[in-house]
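# Reading the structure
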Amino acid sequence: MPRPALLLLACLCLPCGPTVAGDTAWMLHLDRPAAVGDRCTVSATGKQNRRVETTSTSQPREIATENLEVTYEALHEVRAIDSHGHPSEMLIRIDRLSTDDGSGPQEQFPAGTLIKATASGNETRYFHGRDELEGTLSDALNLAGTKLPSPLEPSEDAVFLNHVLRHPGQSWTADPKRLADAIEATSPFVIDPVTSTGEIRFEEPVTEKNIPALATTTTFRINPVSLGKSGLGQALTESSVTSTTLRLFPIDPSLPVVKETVDTSMKLIQRTSTGPKPTGTETTFQRQVTRHCLPVPQG
């Protein structure tokens, strides 16, 4: 729900009279707490590719690939939230979910199909009636942007120390320890906090579907050192994750992000040199998705 103090601050930041965009300071609200009953129409297109190559001194090289493309349209309604204001349960009315794993496009549900999404740790579980959706259907919904935030997900404003007014063209970085803690809390990675970075750039004020918004670019360069808890997980070498996200944040902090484009690339290399048969596994993963969200007034 709108918070009067934040709305007043947003209004005070609106330009009055002729001015240069770079002369106006704005309050960027990265965290967007939801409210039960919030609804929005969502459309998305995305694709992802995974390639796993395994080598061994005793066996031929093995290569496995997975590909998935989706086209998605739906109405989302928040049914429950957690203590941080993250949606923990959502009702999805599917208008279209088309998938293509390389064998050709396939329409997965009739228009009007209802799906329930529920946060479960760092995962999201999907149910059609009593049946849980898994495999390609679960992957397709995640790719389309229906994955719910983890209850362990920290405040993005806190990670980026984002508590001051910003000017267009200004960039700032994440706190290294908070960034490392955030990634380790919501992923299987233990990362190097010294060489891993996150940066946000405030591009410019824009209007999207008649909604005044602030455009940003967020870039992560992450260096994972292991999978699993430090000292107990599998060591990684020459591994990296890079991600660039373009987002439009409405000036009204009660509204969700109205558009985002995410481009992620990941390379994970594991080598086992102990024992008589050294092995190596190289996993590469790429994902691109663009998602639009248009709030629907209640009532």
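Heads up: these notes are all about the structure in this document. Everything quoted here is computed from the prediction, not taken from an experiment. (Residues numbered from 1 in each chain as written. Predicted model: local features only at pLDDT ≥ 70, side-chain atom pairs only at ≥ 80, totals over all residues. Heavy atoms only, no water.)

Counting its secondary structure elements, the protein chain contains four helices and 16 strands. The buried share among the 299 residues of the protein chain stands at 38%. Considering only intrachain contacts with a sequence separation of at least 6, the fraction spanning at least 24 residues in the protein chain is 61%. When the accessible area of the protein chain is evaluated, it comes to approximately 15,900 Å², of which 53% is carbon and sulfur surface. (Helix = DSSP H or I, 4+ residues; strand = E, 2+ residues; numbered from the N terminus. Buried < 20%, exposed > 50% of the residue type's maximum accessible area, 1.4 Å probe, protein only. Contact = heavy atoms within 4.5 Å. Areas by Shrake-Rupley, 256 points an atom, 1.4 Å probe, with all protein chains shown as cover.)

Strands sit in the order E9-E12-E13 across an open sheet of three strands; the sheet is antiparallel. Each having just a single partner strand, strand E9 (189–191) and strand E13 (234–235) make up the two edges of the open sheet. Bridge count for strand E12 (residues 224–227) against E13 is two bridges, and the pairing is antiparallel. Within E13, the position partnered with Ser 226 by the bridge is Ala 235. (Pairing = 2+ DSSP bridges.)

This part is about the pattern of salt bridges. In total, this model carries eleven salt bridges according to the counting rule given. Close ionic contact of Glu 66 with Arg 50 constitutes a salt bridge, the shortest N to O distance being 3.7 Å. Of the two residues, Glu 66 sits in strand E2 (residues 62–81) while Arg 50 sits in strand E1 (residues 39–56), which places them 16 residues apart along the sequence. The salt bridge partner of Glu 53 is Arg 51, with a shortest N-O separation of 3.0 Å. By relative accessible area, Glu 53 is classed as buried at 16%. Residues joined by salt bridges that share partners form a network here, namely Arg 51, Glu 53 and Arg 61. (Salt bridge = Lys/Arg side-chain N within 4 Å of Asp/Glu carboxyl O.)

Attention shifts here to helix H4 (residues 176–186). Each turn of an α-helix holds 3.6 residues, which means side chains three or four residues apart point in the same direction. Regarding H4, the residues found buried are Leu 179, Ala 180, Ala 182 and Ile 183. Each buried residue of H4 sits inside an arc of 160° when the element is viewed along its axis, so together they form one side. The secondary structure elements touched by the buried residues of H4 are helix H3 (156–159), E9, strand E10 (197–208) and strand E11 (211–222). For H4, the N-terminal capping position is held by Asp 175, with its side-chain oxygen 3.3 Å away from the main-chain nitrogen of Lys 177. (Arc of directions from axis to C-beta. Polar contact = N/O pair within 3.5 Å; in protein donor to acceptor, adjacent residues only side chain to side chain.)

Another point: unusual backbone geometry. Located in the positive-phi region is Leu 161, a residue other than glycine, with phi close to 50°. Among the structural elements, Leu 161 can be located in the loop between H3 and strand E8 (171–173). Since its relative accessible area comes to 43%, Leu 161 is described here as partly exposed. A positive phi angle, near 65°, is found at Asn 210, a position not held by glycine.

Okay, helix H2 (residues 136–144) next. In terms of burial, H2 is a largely internal element, seven of the nine residues being buried. Following H2 by one or two positions, Gly 145 adopts a phi angle in the positive range, close to 100°.

Below, the discussion takes up the packing of aromatic side chains. Under the defined criterion, the tally for this structure stands at one aromatic pair. In this structure, Lys 116 is placed above the aromatic ring of Phe 127, and the distance from its NZ or CZ to the ring centre is 5.8 Å. Here the guanidinium or amino end of Arg 166 rests over the ring plane of Trp 172, the centre of that ring lying 3.9 Å away. (Phe/Tyr/Trp six-rings, centres within 6.5 Å; stacked < 30°, edge-to-face > 60°. Lys NZ or Arg CZ within 6 Å of the ring centre and 35° of its normal.)

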